Amino acid sequence: MGFRKLAFLMSTILLLSTISMAQTGTATPDAEKEKKKKELDERVVQMLEQAIADAPTLRLPQNRAIVYALAADLYWKFDEKRSRDLFKSAANEILAFNADSEREKRESSDTFFDFNDGGTDPRSQVMPLVAKNDAELALELLVQTRSAALSEAILKASAPDARSESDMLSFSPEKQRVRQEVALEQRFALLAADDNPDKAIKLIKESLAKGVSYNVLQLLQKLNKKDEKKASELAGEVIKKLLDTDLAKKSDELQVAINFLQFAARGDTPSNPNSKDKPFKFTEVQAKDLATKLANTFLQPSNSFALSMALTRAMSNLEKLVPEKIALLKQKQADSQKSLPTEFKNMQRQQKLWDANSTPEDILAEIPKLNELEKNSAYQSLTSKISQIEDETRAKRLIDQIPDEKARERALNQFESGKINRAASAGKLDEARKMIGNLTSKKTQIQKLVSLAMQFHKKGTEPDIESAKGLMKNAKSLSNEFPEDEDELNDLMEVVKGYAIVEPDAAFRIFEPIVDQINDFVMASAILSKYNKRNRAFKKGEMVMRSSGNSYDGLLLFRYIGQMQLLGKADLDRMSLLSDRFQRSDSRTIVKLLVVQGFMKDDKKPDNAGPMGDFIY
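Cut-offs and rules
Sequence order as written defines residue numbering, which begins from 1 separately in each chain. With pLDDT at 70 or above as the cut-off, local features in this predicted model cover only qualifying residues; side-chain atom pairs require 80 or more to be listed or tallied, and sums for whole chains, interfaces and linings still use all residues. Derived side-chain values reflect all non-hydrogen atoms in the structure, with water molecules and hydrogen atoms excluded from consideration. Strands here mean DSSP runs of E at least two residues long; helices mean DSSP runs of H or I at least four residues long; both are numbered from the N terminus. Under the scheme applied here, a residue whose accessible area is under 20% of the maximum for its type counts as buried, over 50% as exposed, and between as partly exposed, the area being computed with a 1.4 Å probe on protein chains only. Working definition of accessibility: Shrake-Rupley area with a 1.4 Å probe, residue cover restricted to the visible protein chains. In this description, a line fitted to the C-alpha atoms serves as the axis of each element, helices being fitted only across the stretch in contact, and the angle between N-to-C directions of two axes falls anywhere from 0 to 180 degrees. An angle below 35 degrees is read as roughly parallel, one above 145 as roughly antiparallel, one from 65 to 115 as roughly perpendicular, and any other as oblique. Contacts are residue-level and defined by heavy atoms, with any inter-residue pair within 4.5 Å sufficient. Basically, the charged four are Asp, Glu, Lys and Arg, the nonpolar ten are Ala, Val, Leu, Ile, Met, Phe, Trp, Tyr, Cys and Pro, and anything else, Gly included, counts as polar. To qualify as a nonpolar core, a set must consist of buried Ala, Val, Leu, Ile, Met, Phe, Trp, Tyr and Cys residues joined through side-chain atoms within 4.5 Å. Aromatic rings from Phe, Tyr and Trp, taking only the six-membered ring of Trp, are treated as a pair when their centres fall within 6.5 Å; an angle between ring planes under 30 degrees marks them as stacked, one over 60 as edge-to-face, and anything in between as tilted. We count a charge as sitting over a ring when the NZ of a lysine or the CZ of an arginine lies within 6 Å of the ring centre and within 35 degrees of the ring normal. In this scheme, a helix's expected span is set at 1.5 Å multiplied by one less than its residue total. Salt bridge, as applied in this entry: a Lys or Arg side-chain nitrogen positioned within 4 Å of an Asp or Glu carboxyl oxygen.

Caption draft 1: Seen up close, the overall build of the protein chain. If you tally the helices and strands in the protein chain, you get 29 helices and 2 strands. The 617 residues of the protein chain split such that 46% are buried. Accessible surface computed for the protein chain: about 32200 Å², of which carbon and sulfur atoms make up 51%.

This is the structure we're talking about:
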């Protein structure tokens, strides 16, 4: 009996151990996943803290502002309070930048100082990052960080006597900044409306004193979902503002008025047929008043080219709302066309080349009448239109009629590229792969091979992944592993982009030596900038940072940020170590932040502002 009891006890213990092990085995993958996520979060925070700690060592206040703002945006998911503090630190650095800029402007003898400082103002990059996370804080900091010159320009623009000057064809940095500031403020108010409609209405009313932007219409649509009455009342104030404005002398408001007219003339047709929300619309009286105001503006004695172009744009909608004025408007349009200077008629002809209704045949017929500059534009439009044609016989016939040999070759290459895109979009990946051989441009071949490889890889099956690797091998064979010029480096970095998705180890092997080339380029550019005062990529020996990369950027570091972000997605630890190989502290700091930005992109809430914000600044 003792033996039986012992055997039973041992069996029970063995069974419980087996169950426990099985349970542990079941939980292990989730536990490992959670552990991995925690480690990655810790790595992200470590990289952010390193960038924040490095910020005070940077010479330029605009760079410190960019670092604090990027870090704040990325920190938001971990600690909102710390993020807000960092955004406020960024705002303080913007104030320091404003003071430096005002002093430099006073001391500068450069007549074009205002034109040459484009892209260096950190405010246009910082504020959308704030608004994405906290629109009310963005509105607060927007006002707080206005320079004295901008605040004065806004007051000047909103003064009653400002309407005495015509700005239909005039341009100045000051006017442009005021327009951008008003649009930005109204855009932030639009974001704030999600949480506090009453406050947004107040802000919009205050903003209307400075002018009307198209963003107001978006706010009206948003408010209408929550309170139709308030939306209609605010619409009345917006229309009244336009009615009280001399649209012949205010080009921005004129364009906004035409946009509103187009919206009003659409009637009850919703912009999104699938939406269950009742669409906002202007009342019949509001629409009629606006149309009458525009018609009377166009009928004023004037030979203005801008008014003539605006009338052409508004005519079809005016016909719906004020048909009694159309005869006079058409006569005015005919008279304006006769009296337009030759250069304006040429501009109209250029616009026609890019008109959506112009056919490739129309453009070909115009080419013999154009000068060389106009021909270049015509060839670009023609090439774009031909690339969208699915009838191969017609497309080839049109290409054969292009008189310029290089333009003919570009058109053929783009047409073949368009065919590949259509085949790939339709899921005909094997067919698209066969077409790539027809391309004459090595650069385009590499781009299409990489794009197709990424699409094959996305399908996820073992044969498709092998196909993706084969396509990448073909793309790599077309590139030079030791690039000798800018074009070859661009081709190789295109290969890195594909391998970062398809085979990350290969991407890292290719990219590692390129870091040294980027270091050399940045160092050389910094030295050369000392002898070129118009160079805005560096200032006081420090690279001017920006909050995102750009494939068309002249500075290689920013041009290839997209590839570095993909590498960070593939292996954050490995890319972090590579970031440490950038020799300059400014390069290291911004690369680390932008790599984290790319790594966290899918984890963040939708970006209302897009890559740089849809905020046009």
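Caption draft 2: Examining the packing of helix 5 (residues 123-133) against helix 6 (residues 135-144) more closely. Where helix 5 contacts helix 6, the axes come no closer than 6 Å and their chain directions differ by 150°. One finds that helix 5 runs roughly antiparallel with respect to helix 6. Of the residues in helix 6, those touching helix 5 at Arg123, Met127, Val130, Ala131 and Asn133 are Ala135, Leu137, Ala138, Leu141 and Leu142. Broken down by class, the residue content of the contact of helix 5 with helix 6 amounts to 8 nonpolar, 1 polar and 1 charged.

Caption draft 3: Summary view of the nonpolar core. Core analysis: the biggest nonpolar cluster contains 98 residues, and Phe87, Val126, Phe511, Ile518, Leu557, Met564 and Ile590 have the highest contact counts within it. Sequence-distant contacts of Met564, that is, excluding residues within four places in its chain, are made with Phe511, Ile518, Leu557, Met575, Phe582, Val591 and Val595. Judged by nonpolar contacts, the second largest core, of 47 residues, contains Leu190, Leu290, Phe298 and Ile326.

Caption draft 4: Up close: the packing of aromatic side chains. Under the counting rule described, the total for this entry stands at 5 aromatic pairs. Between the aromatic rings of Phe280 and Phe282, the centroid separation amounts to 5.3 Å while the plane-to-plane angle is 75°, which identifies the pairing as edge-to-face. When sorted by exposure, Phe280 lands in the same class as Phe282, which is buried. An aromatic cluster is defined as three or more aromatic residues linked by ring pairs; in this entry it consists of Phe260, Phe263, Phe280 and Phe282. Directly above the ring of Phe558 sits Arg546, whose terminal nitrogen or CZ lies 4.6 Å from the centroid.

Caption draft 5: Quick peek at helix 18 (residues 372-387). With 16 residues, helix 18 should reach 22 Å at 1.5 Å per residue; the first-to-last C-alpha distance of 23 Å fits that figure. Every buried residue of helix 18 is listed here: Glu374, Lys375, Ser377, Ala378, Tyr379, Ser381, Leu382, Thr383, Lys385, Ile386 and Ser387.

Caption draft 6: The environment of Gln186, seen in detail. For Gln186, the location among the structural elements is in helix 8 (residues 173-192). With relative accessibility at 1%, the residue Gln186 sits in the buried group. The spacing of Gln186 and Asn215 is 29 residues in sequence and 6.2 Å in space, taken between C-alpha atoms.

Caption draft 7: Broad picture of unusual backbone geometry. You will see that Lys540, though not glycine, has its phi angle at about 55°, which is positive. With respect to the element layout, Lys540 can be found in the loop between strand 1 (538-539) and strand 2 (542-543).

Caption draft 8: Region of the structure containing the pattern of salt bridges. This structure, assessed with the given rule, holds 34 salt bridges. Across the pair Asp430 and Arg433 runs a salt bridge, and its minimum N-O distance is 2.8 Å. Of this pair, Asp430 and Arg433 both sit in helix 21 (residues 429-435), separated by 3 residues, roughly a single helical turn. Across the pair Lys476 and Glu481 runs a salt bridge whose closest N-O atoms are separated by 3.7 Å. We classify Lys476 as partly exposed; its relative accessible area is 30%. On the accessibility criterion, Glu481 (45% relative accessible area) is partly exposed. Three or more residues joined by partner-sharing salt bridges are found here, namely Arg123, Arg146, Glu181 and Glu185.

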